[in-house]
Amino acid sequence: MGFIAKRFANFLLLVIIATTAGYLLAASALNPRENFLGRNPPVPENTINSILTQVNMNDQDPVLQRYGTWVGGVVKGDLGKTIFSESVNEEFKNRIWVSFRLLILGSILGAVFGVLIGVISAVRQYKFFDRTFGYSSYIILSTPVFLIAILLKFFAVFINEKLGFTLFYTVGLNTPEISGFELFVNSLQHMILPTLSLTLGGIAFYSRWQRNSMLDVLGSDHLRTARAKGLTKRQALFKHGLRVAVLPMATFFAYSFGLLIAGAAFTESIFGWYGMGEWFIRAVNTNDINSVSAIVLFTAILVLFAGFLADVLTAALDPRVRIR
Amino acid sequence: MKKTLVLQIKSLSVTFPSESGTVNAVRNVSLDIFPGEVLGVVGESGSGKSVLSLSTIGLLPNSARVSGEILLDGKNLLQLSDQEMSKHRGRDIAMVFQDPLSALNPVQTIGHQIAEALLIHQEISYDDALKRAGELLDEMRIPRPFERVKSYPHEFSGGMRQRVMIALAIANAPKIILADEPSTALDVTVQAQVLELLKRASQLTGAAVVLVTHDMGVVAGLADRIAIMYAGKIVEEGPIEKVFENPAMPYTIGLIRSIPRVDESEKRRLVSIAGSPPSPVALPPGCAFAPRCPAYTEICDSKVPDLEAFEGDRSVACLRKDEIAGLVSAGRLYPTEVTKGHVKSTSDVKLLEVSNLSKSFPLLKGNVFRRRVGSVYAVDKISFTLEQGKCLAIVGESGCGKTTTLLEVMNLVAPENGRIVVFGKNVSELSKSERLAIRKDLQIVFQDPFASLDPRLPIGEAIMEPMEVFSVSKSEQLTRMQELLELVGLNPAHANRFPSEFSGGQRQRIVIARALALNPKILILDEPVSALDVSVRAGVLNLLAELQEKLGISYLFVSHDLAVVQHVADYVAVMYLGSIVESGAVAQVFNSPHHPYTKALLSAVPIPDPKVEKSRERIILEGELPSPINPPSGCRFHNRCFVTKARSETDQAKCASERPELRIVEGAEVSCHFPLLK
Ligand SMILES: Nc1ncnc2c1ncn2[C@@H]1O[C@H](COP(=O)(O)OP(=O)(O)O)[C@@H](O)[C@H]1O
Ligand code: SF4
Ligand code: SF4
Ligand SMILES: [Mg+2]
């Protein structure tokens with residue numbers, strides 16, 4: 001289909017632009033040489049240069065040459081070396097799964113409950129349900145993410161104390177040296193808090209958007225037509241309102257999922273999950289140009305791919321966008 | 001009352017709570033609807049027509065407080081639950097809404113939406129329902145109906161979607177079809193088609209049609225009976241011929257006389273009703289029309305007049321109803337002013353000459369790299385001349401290039417193609433200072449008086465604003481502003497009030513005053529009365545005529561409303577798809593149109609006179625305006641032209657391949673190979 005092929009070409013172009021910009025920015029803003037300065041005993045200049053050259057981060061080489069080397073690796077599937085001379089690919093593999101575990105569940109739950117609450121809030125505009133969730137959402141949205149995470153932690157510790165055993169774990173992926181069913185349950189216990197901290201934000205966010213979009217549809221002429229045909233309010237809502245109202249959410253969800261990868265940095269740090277977000281913070285702090293670029297590349301692909309999927313999905317659901 | 005009723009509305013009142021007080025949307029309305037009749041409900045915007053029809057079909061918003069009874073087969077619909085009422089909706093009572101563009105679900109096929117209406121009330125299979133949907137589209141004269149059921153609403157034009165809405169309405173052969181402004185959002189030629197279909201719909205199903213509209217002309221051709229609403233009440237009701245011929249309530253009399261008509265050959269001052277409709281939160285104590293009524297006496301404030309029987313089969317709500325006829329014949333009510341006629345300025349000084357003006361917009365494609373794939377000609381080689389003290393009107397349906405033409409003139413820069421000469425100067429040779437000087441003499445008034453005034457600026461200051469730019473002294477500004485307010489019929493003492501304190505008609509007067517501040521030679525008017533209520537339009541039109549007489553100013557007037565054009569203009573240019581198809585003196589063009597499109601356009605305009613309207617032969621054009629992106633070959637009108645269709649094959653081929661040049665035919669300039677002759 002021409003539509004998809006065209007979108008895909010666009011998508012590839014944008015990924016290239018975003019990563020190039022990302023690499024050049026990282027290479028000019030970060031200074032890996034700093035890592036070796038001021039050490040005691042001082043590291044000899046030659047050694048520094050050879051280490052930096054080995055990881056392709058020597059600022060004495062022209063930036064375009066380094067970029068060329070990096071791209072040469074990337075097209076072969078090699079993301080280069082970290083500043084600690086380890087493989088970026090390895091680090092990547094370890095961390096991506098950690099992030100996905102957290103994000104997929106967190107965003108899906110956030111979106112699903114957000115949409116649901118948004119729809120009900122719109123139908124019950126200004127009623128108790130709407131007001132309760134309205135105020136809660138504003139409070140959550142105006143509270144910084146790390147504060148929510150820390151509050152959740154306090155709350156969990158408090159409950160654990162009351163219960164006398166550990167229901168919620170506050171740090172890490174799982175307790176080491178266990179296996180089988182026990183590991184599974186234990187992992188879940190570790191997941192609850194970080195997932196919740198992401199989900200709450202998601203619900204707050206999506207429910208507001210969905211409420212507005214639903215209100216638009218509720219007041220729309222075509223819903224009135226549906227009722228004039230003889231559908232009850234509820235039937236009209238389900239048969240004609242929902243699809244139109246949820247449509248814009250698809251694009252929205254897709255893009256925000258992509259962005260969350262880096263956005264979950266605080267949550268990951270606070271709960272001791274060594275995922276992509278936490279890696280990004282660390283990479284910036286250690287002037288690790290290659291790691292930063294790898295994360296930028298990954299995020300760009302993810303955001304754009306999500307957007308691409310969203311477009312295809314919207315086209316499938318909305319005849320107005322098809323074949324234009 | 002021997003005939004059985006399909007629906008009976010008894011003492012219906014609807015109010016809405018609001019911050020500024022209770023909104024009295026419908027007040028004590030009683031109305032009988034008979035089987036198979038067409039009842040016209042006419043009123044200005046805000047008079048409660050829509051609320052009345054929504055109450056009938058049970059779709060009022062939750063905040064509405066309703067009292068009274070609406071009886072269908074002896075059952076009071078107002079007491080039914082949503083579930084019970086939904087059994088009647090679509091089956092007994094169906095509705096066609098005003099805006100066809102948004103009334104259909106954008107993500108479902110047309111066929112599915114019609115089928116759904118059938119499936120709700122009938123025990124049939126989906127396939128049968130879909131087939132029936134095709135048949136209904138066919139009945140609504142939609143070409144290739146069985147393919148079109150698979151289309152989505154956005155693939156249909158406005159007129160087509162309104163046909164779909166009518167098809168939906170008749171799907172279950174209802175007893176009553178409520179049509180709320182069904183043709184208001186459409187162009188005149190399409191409006192004529194839709195009204196025709198509405199008539200057909202009622203004949204097919206035997207349903208009674210309640211036609212709700214603000215347009216007297218629309219009801220005149222269609223309705224058997226008419227009910228006139230004012231401020232939430234029915235003020236007069238009866239058989240349409242009698243009401244039009246011999247209106248009894250002062251508001252009705254004024255309304256009927258205030259409407260300009262296309263079929264009038266001589267110019268008259270319109271009757272204008274003073275003031276504007278009352279706010280529904282602060283109604284006068286007695287008759288709601290009292291503050292504007294020329295027959296007002298103190299008793300009119302004593303109580304709200306009831307709708308009472310009058311001359312047999314009519315009813316009227318007026319406390320002085322038996323005296324009104326006498327007042328009218330004595331010439332004491334709305335005396336018709338002596339026609340002063342337009343200034344017979346002998347000077348044929350040409351203020352504005354436009355020749356071969358073209359304007360195209362690039363047609364772009366692609367997302368990342370937009371490229372030009374062609375051009376859309378919004379205006380294609382048009383020429384016209386405006387003489388001093390005259391009014392030239394450009395008429396045409398939406399999208400024919402009227403506004404683009406005005407903007408090109410206002411720009412005062414060299415056009416893409418052709419020549420614009422203003423006050424004897426070619427705009428492509430103007431220096432900066434000359435251009436500024438010309439701007440002073442060329443002012444514009446837009447359609448929407450609400451959008452063109454800054455709500456935070458007192459009106460006096462708004463009027464002085466243009467003078468500020470041309471550094472007129474403060475004291476001069478003040479005197480001029482006072483003069484201007486007086487000139488446009490407003491009280492100079494109100495200069496420090498804000499626009500929100502004025503009604504639509506008054507605001508348009510303010511906008512006109514502002515445009516006149518610098519004593520321009522040409523006033524450009526873009527649909528100046530379209531956004532105004534019917535009863536205040538006449539006032540603004542009269543003002544324009546008066547200003548022309550007093551100031552000798554020239555107007556370049558743009559409108560889609562032929563009746564208004566016929567009323568104000570001296571010369572008219574009819575546009576179709578970016579070109580002028582006919583131009584000449586108004587009387588000539590309107591009395592004996594030469595171009596088939598002009599003729600069809602005139603014939604599509606409803607005339608607010610049931611006798612004339614019902615007896616006249618109408619030309620109903622097929623199809624809708626083609627898109628200017630892809631204009632027809634040859635004569636751009638050939639795919640809709642009724643003249644060419646009746647001619648020989650060689651003639652038809654000529655129309656389809658050769659673009660006709662403008663030439664003089666019986667004194668008018670016409671672009672047609674086979675013009676109509678006297
Ligand atoms: N949902 C509503 N809430 C408050 N006021 C309303 C509502 N709907 C209509 N009205 C008011 O009721 C009056 C009559 O409105 P409407 O029936 O729409 O007039 P029309 O159809 O004749 O233009 C207007 O003053 C309008 O502002
Ligand atoms: S009741 Fe009085 S104010 Fe009202 S229309 Fe009749 S004469 Fe005029
Ligand atoms: S040129 Fe032919 S098609 Fe065009 S208006 Fe005249 S008769 Fe009709
Ligand atoms: Mg209305």
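Every value quoted in this text rests on a predicted model; they were computed, and no experiment measured them.

Chemist: Describe the interface of chain B and chain A, with residues and values.
Modeler: Contacts between chain B and chain A engage 32 residues on the former and 25 residues on the latter. At the junction of chain B and chain A, the tally comes to two salt bridges. Salt-bridge contacts for Asp82(B) lead to Arg227(A); the nearest nitrogen and oxygen are separated by 2.9 Å. At the boundary of chain B and chain A, one finds 14 residue pairs in polar contact (both at pLDDT 80 or more). For the side of chain B that touches chain A, the secondary-structure elements that each account for two or more residues are helix H1 (49-57), helix H2 (82-88), strand E6 (93-96), helix H3 (110-121) and helix H6 (158-170) of chain B. When grouped by side-chain class, the residues that make up the side of chain B that touches chain A number 17 nonpolar, 11 polar and four charged.

Chemist: Quick rundown of the site of ligand 1? Include the residues and the values.
Modeler: Residue and element names in this part refer to chain B. As a matter of local geometry, ligand 1 sits amid 13 residues, with Gly46, Gly48, Lys49, Ser50 and Val51 nearest to it. Between ligand 1 and serine 47, the relevant distance is 3.2 Å, taken from an oxygen atom to a main-chain nitrogen or oxygen of the residue. A distance of 2.6 Å is found between an oxygen atom of ligand 1 and a side-chain nitrogen or oxygen belonging to serine 50. Burial of ligand 1 by the surrounding chains reaches 68%, relative to a free accessible area of 560 Å². Elements supplying a minimum of two residues to the shell around ligand 1: strand E2 (23-33) and H1. Looking at the shell around ligand 1 element by element, the count peaks at three residues for H1. For the shell around ligand 1, a count of residues per class yields six nonpolar, five polar and two charged.

Chemist: Before we move on, can you summarise the sheet that holds strand E24 (residues 668-670) of chain B with the specific residues and values?
Modeler: Residues and elements named next belong to chain B. One open sheet accounts for eight strands, arranged E18-E19-E20-E15-E21-E22-E24-E23; its pairing is mixed. Of all the strands in the sheet, just strand E18 (442-445) and strand E23 (663-665) have a single pairing partner and so form its edges. This sheet shows a mean twist of 20° between the axes of neighbouring strands, independent of strand direction. Pairing of E23 with E24, which is carried by three bridges, proceeds in the antiparallel orientation. From the neighbouring strand, isoleucine 664 faces E24, where its bridge partner is glutamate 669. This element, helix H12 (residues 402-411), spans strand E15 (391-395), E18, strand E19 (522-526), strand E20 (554-559) and strand E21 (571-576) of the sheet and lies at about 150° to E19. This element, helix H13 (residues 432-441), spans E18 and E19 of the sheet and lies at about 45° to E18.

Chemist: I'd like a rundown of the nonpolar core, residues and numbers included.
Modeler: All names here are of chain B. Within the largest apolar cluster, 115 residues are counted, with the highest numbers of intra-cluster contacts made by Leu7, Ile114, Met216, Ile226, Tyr251 and Phe289. No other element matches H6, which puts eight residues into this core. Met464, Leu490, Val540 and Val564 belong to the second-largest nonpolar core, a separate cluster that totals 74 residues.

Chemist: How would you sum up the sheet that holds E2(B)? Please name residues and give values.
Modeler: Strand pairing within a sheet occurs via backbone hydrogen bonds; the two strands may be parallel or antiparallel. All names here are of chain B. Spatial strand order, E2-E1-E4-E5: four strands in an open sheet with antiparallel pairing. With partners counted over all chains shown, the strands left at the sheet margins are E2 and strand E5 (75-76), one partner each. Packed on one face of the sheet, H1 meets strand E1 (7-16), E2 and strand E4 (65-72) and runs near 120° to E1.

Chemist: Outline the pattern of salt bridges, listing residues and values.
Modeler: Residues and elements named next belong to chain B. What the rule picks out here adds up to 42 salt bridges over all chains. Where glutamate 135 meets arginine 132, a salt bridge forms, and the shortest distance between an N and an O atom there is 3.2 Å. With glutamate 135 and arginine 132 both in helix H4 (residues 126-139) and three residues apart, the pair spans about one turn of that helix. Put simply, glutamate 245 and lysine 611 hold a salt bridge, and the shortest N to O gap is 2.7 Å. Taken together, the residues glutamate 245 in helix H9 (residues 240-245) and lysine 611 in helix H21 (residues 610-615) connect sequence positions 366 residues apart. Take glutamate 245 and lysine 611: they sit in the same class, and that class is exposed.

Chemist: Would you mind going over the pairing of strand E16 (residues 417-422) of chain B in detail, with residue names and values included?
Modeler: Put simply, side chains in a regular strand alternate between the two faces of the sheet. Residues and elements named next belong to chain B. Two strands pair when backbone bridges link them, and E16 and strand E17 (residues 425-426) are joined in this way by two bridges, in the antiparallel orientation. Its bridge partner lying in E17, valine 422 is registered against lysine 425. Count of turn residues in the E16/E17 antiparallel hairpin: two residues, of which phenylalanine 423 carries a positive phi of about 45°.

Chemist: Which residues make up helix H7 (residues 180-218) of chain A, and what values go with them?
Modeler: Count 3.6 residues to each turn of an α-helix, and residues three or four apart come out pointing the same way. Here H7(A) is 39 residues long, yet its end C-alpha atoms lie only 50 Å apart, well below the 57 Å a rise of 1.5 Å per residue gives. The largest bend in H7(A) comes to about 35°, at Ile192(A), with the proline Pro194(A) one to four residues further on.

Cut-off values and rules
- Residues numbered from 1 in each chain as written.
- Chains lettered and ligands numbered in written order.
- Predicted model: local features only at pLDDT ≥ 70, side-chain atom pairs only at ≥ 80, totals over all residues.
- Heavy atoms only, no water.
- Contact = heavy atoms within 4.5 Å.
- Salt bridge = Lys/Arg side-chain N within 4 Å of Asp/Glu carboxyl O.
- Polar contact = N/O pair within 3.5 Å; in protein donor to acceptor, adjacent residues only side chain to side chain.
- Helix = DSSP H or I, 4+ residues; strand = E, 2+ residues; numbered from the N terminus.
- Nonpolar A, V, L, I, M, F, W, Y, C, P; charged D, E, K, R; others polar.
- Near = heavy atom within 4 Å.
- Areas by Shrake-Rupley, 256 points an atom, 1.4 Å probe, with all protein chains shown as cover.
- Pairing = 2+ DSSP bridges.
- Axes fitted to C-alpha atoms, helices over the stretch in contact; angles between N-to-C directions.
- Core = buried A, V, L, I, M, F, W, Y, C linked by side-chain atoms within 4.5 Å.
- Buried < 20%, exposed > 50% of the residue type's maximum accessible area, 1.4 Å probe, protein only.
- Expected span 1.5 Å × (residues − 1).
- Bend = angle between axes of the 7 residues up to and from the residue.

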